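Okay, here's what each chain looks like letter by letter:
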Amino acid sequence: MLQGLLKYDVKVLMALKEAIGGSKQFFEWLAGSGYPELAAFSNFLQDDIEAEQWLVQHRYHWLGILSHAIDGDPRSRKWMHEKMHPANLMFALSCTGDEKALSWLKFMHLDILLILAKEVSQLRQKQEMDTVFPYKMRF
């Protein structure tokens, strides 16, 4: 069973949180400090298709699947349920506000995944708002 996000130190995951939030400094730190997969993951969460391709080419497909699971893809969620440590699926579900998943992460004292889920949730809300305003729509 793949550990997924749990294999990373809390400090690394905090850097990921900052990169997801748009910090170029933390993105570059991840990319240059041995965590290019997390840098790519942060970009893929921001709809960078090239980042997904990089993840697949470098055998970090599970991060791409995690992103798809966050987006609600049932096949990705099933794969995560079968192949990954349960915390990863609970994280994906928490990013969408699933109360049971949030409670599970709290019960398991996985505060860092709660913090990451909140950051991803805020990113998703911002992305949704960007599509509402015509002057920000991408064509």
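Residues numbered from 1 in each chain as written. Predicted model: local features only at pLDDT ≥ 70, side-chain atom pairs only at ≥ 80, totals over all residues. Heavy atoms only, no water.

## Examining the nonpolar core
Inside soluble globular proteins, nonpolar side chains tend to come together where they are buried. Ranked by size, the top nonpolar core spans 43 residues in total, and within it L66, I70, F91 and L113 carry the most contacts. Elements supplying a minimum of two residues to this core: α1 (10-20), α3 (36-45), α4 (49-57), α5 (61-70), α7 (86-94), α8 (99-107) and α9 (111-132). (Core = buried A, V, L, I, M, F, W, Y, C linked by side-chain atoms within 4.5 Å. Buried < 20%, exposed > 50% of the residue type's maximum accessible area, 1.4 Å probe, protein only. Helix = DSSP H or I, 4+ residues; strand = E, 2+ residues; numbered from the N terminus.)

## Examining the pattern of salt bridges
The final tally for this structure, using the stated rule, is 5 salt bridges. For E18, the salt bridge identified is with K17, shortest N-O distance 3.2 Å. K78 serves as the salt-bridge partner of E82, at 3.3 Å between the closest nitrogen and oxygen. On the criterion of helical spacing, the pair formed by E82 and K78 is a turn pair, its members being 4 residues apart in helix α6 (residues 74-83). A residue is classified by how much of its surface remains accessible, and E82, at 45% relative accessible area, is partly exposed. One salt-bridge network, in which partners are shared between bridges, spans K17, E18 and E119. (Salt bridge = Lys/Arg side-chain N within 4 Å of Asp/Glu carboxyl O.)

## Considerations on the packing of aromatic side chains
Centre-to-centre distance and the angle between the planes together describe a pair of aromatic rings. Throughout the structure, instances matching the rule amount to 3 aromatic pairs. Where W29 meets Y35, the ring centres are 5.9 Å apart and the plane angle is 25°; that geometry is what we call stacked. Among the residues examined, W29 registers a relative accessible area of 39% and is labelled partly exposed. We classify Y35 as partly exposed; its relative accessible area is 23%. (Phe/Tyr/Trp six-rings, centres within 6.5 Å; stacked < 30°, edge-to-face > 60°.)

## Here we look at the packing of α3 against α5
Two measures define how a pair of helices packs: the angle their axes make with one another and the distance between the axes. Packing of α3 against α5 brings their axes to within 10 Å, and their N-to-C directions diverge by 30°. Relative to α5, the element α3 lies roughly parallel. Between α3 and α5 lies a crossing whose hand is right-handed. Seen from α3, the contacting residues are E37, L38, F41, F44 and L45; seen from α5, they are L63, G64, L66, S67, H68 and I70. Looking at the contact of α3 with α5 residue by residue, the classes come out as 7 nonpolar, 3 polar and 1 charged. (Axes fitted to C-alpha atoms, helices over the stretch in contact; angles between N-to-C directions. Parallel < 35°, antiparallel > 145°, perpendicular 65-115°, else oblique. Left-handed = near helix turned anticlockwise from the far one by under 90°. Contact = heavy atoms within 4.5 Å. Nonpolar A, V, L, I, M, F, W, Y, C, P; charged D, E, K, R; others polar.)

## Let's talk about α7
An α-helical segment advances 3.6 residues per turn. Residues three or four places apart therefore align on the same side. For α7, a buried count of 8 out of 9 residues is recorded, marking the element as mostly surrounded by other parts of the structure. Here α7 has its buried residues at A87, N88, L89, M90, F91, A92, L93 and S94.

## Considerations on the environment of L93
Mapped onto the elements, L93 comes out in helix α7. Other than its neighbours up to four places away in sequence, L93 contacts R77, D98 and A101.

## What about the environment of E37?
Here E37 is to be found in helix α3. Through-space distance from the C-alpha of E37 to that of V56 is 10.0 Å; in sequence the pair is 19 residues apart. Filtering out sequence-adjacent residues up to four positions away, E37 remains in contact with Y8, W54, L55, Y60 and L63.

## Topic: the side chain of E119
Note that E119 resides in helix α9. Aside from chain neighbours lying at most four places away, what touches E119 is K17, I20 and G21.

## Describing a nonpolar patch on the surface
A grouping of V10, M14 and I115 is seen on the molecular surface, where their side chains present a nonpolar patch of about 220 Å² in accessible area. Within the secondary structure, M14 sits in helix α1. Look at M14 and you get partly exposed, because its relative accessible area is 31%. (Patch = residues over 30% accessible without salt bridge, like charges linked within 9 Å, V, L, I, M, F, W, Y side chains within 5 Å. Areas by Shrake-Rupley, 256 points an atom, 1.4 Å probe, with all protein chains shown as cover.)

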